[in-house]
Amino acid sequence: HDHGKCVAEALADSEDVCEAQGARLTPQRRRVLELIWRSHVPVGAYEILDAMRNGGRRVDPPTVYRALEFLAALGLIHRISTRNAFIGCSHPTSEHWAQVLLCDDCGQATEMELGVIAQGLADGAADLGFAVANQTVEASGLCRTCRAAH
């Protein structure tokens, strides 16, 4: 895995998404997105804040929260509710419902998209008279590397 290429592609995709939606990816928002993408482990808002302050810059929590809201609204990141953290969206240029696999050992998060899961949840909800507006399915367990180590 070429992580530098991964981050560069994610940032390039984010520029395309913003341009297509008439939104502006400010340097601050871009930095927040870059910090989220620098690893494949979900990152919390205060970790982002600390990283942005590294070097003596003054950054307030609302600045980070506004950037996170912007990035999530454009589908550039996903909120991981169980970890109160965020990951970069691996395919932000296509409309989709995310499923995220979370490793309990190393903390890595992997996004996948199986239409059958999204459709099954939507169909089941509709049977109960519920209209799903947003869904992120989170599943925890052990990744391939951690399973092999055990």
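Below is a summary of the structure that appears in this document.

1. Here's the deal with the pairing of strand E4 (residues 109–112)
The side chains of a regular strand alternate, first on one face of the sheet and then on the other. Only one face of E4 is buried: it carries Ala109 and Glu111, and the other face, with Thr110 and Met112, is open. Judged from the four bridges that link them, strand E3 (residues 98–103) and E4 form a sheet pairing that is antiparallel. For Leu102, the partnering residue across the bridge sits in E4 and is Ala109. Once E3 ends, the chain turns through five residues before running back antiparallel as E4, passing Gly107 with a positive phi of about 85°.

2. Side note on the environment of Asp127
Within the secondary structure layout, Asp127 lies in helix H5 (residues 115–127). Sequence spacing of Asp127 and Glu47 is 80 residues, and the spatial spacing of their C-alpha atoms is 41 Å.

3. Quick look at the nonpolar core
Residues Val32, Ile48, Val64, Leu68 and Leu71 are the most contacted members of the largest nonpolar core, which totals 28 residues. Where this core is concerned, the elements lending two or more residues are helix H1 (3–21), helix H2 (27–37), helix H3 (45–53) and helix H4 (61–73). At six residues, the largest contribution of residues to this core is made by H1. Excluding residues that lie within four positions of it along the chain, Leu71 makes contacts with Leu25, Arg29, Val32, Leu33, Leu76 and Ile77. Core analysis: the next-biggest nonpolar cluster, separate from the first, contains five residues, Ile80, Ile87, Val100 and Leu102 among them.

4. Describing the environment of Asp16
When you line up the elements, Asp16 lands in helix H1. Sequence spacing of Asp16 and Ile77 is 61 residues, and the spatial spacing of their C-alpha atoms is 14 Å.

5. What to know about the sheet that holds E3
The strand order across the open sheet formed by three strands is E4-E3-E5, and the pairing between neighbours is mixed. Each end of this open sheet is capped by a strand with a single partner; those strands are E4 and strand E5 (136–141). Between one strand axis and the next, the sheet turns through 25° on average, direction left out of account. Summarising the sheet, E3 and E5 pair through six bridges and their orientation is parallel. Residue pairing across strands places Gln99 opposite Val137, the latter belonging to E5.

Parameters at a glance
- Residues numbered from 1 in each chain as written.
- Predicted model: local features only at pLDDT ≥ 70, side-chain atom pairs only at ≥ 80, totals over all residues.
- Heavy atoms only, no water.
- Buried < 20%, exposed > 50% of the residue type's maximum accessible area, 1.4 Å probe, protein only.
- Helix = DSSP H or I, 4+ residues; strand = E, 2+ residues; numbered from the N terminus.
- Pairing = 2+ DSSP bridges.
- Core = buried A, V, L, I, M, F, W, Y, C linked by side-chain atoms within 4.5 Å.
- Contact = heavy atoms within 4.5 Å.
- Axes fitted to C-alpha atoms, helices over the stretch in contact; angles between N-to-C directions.

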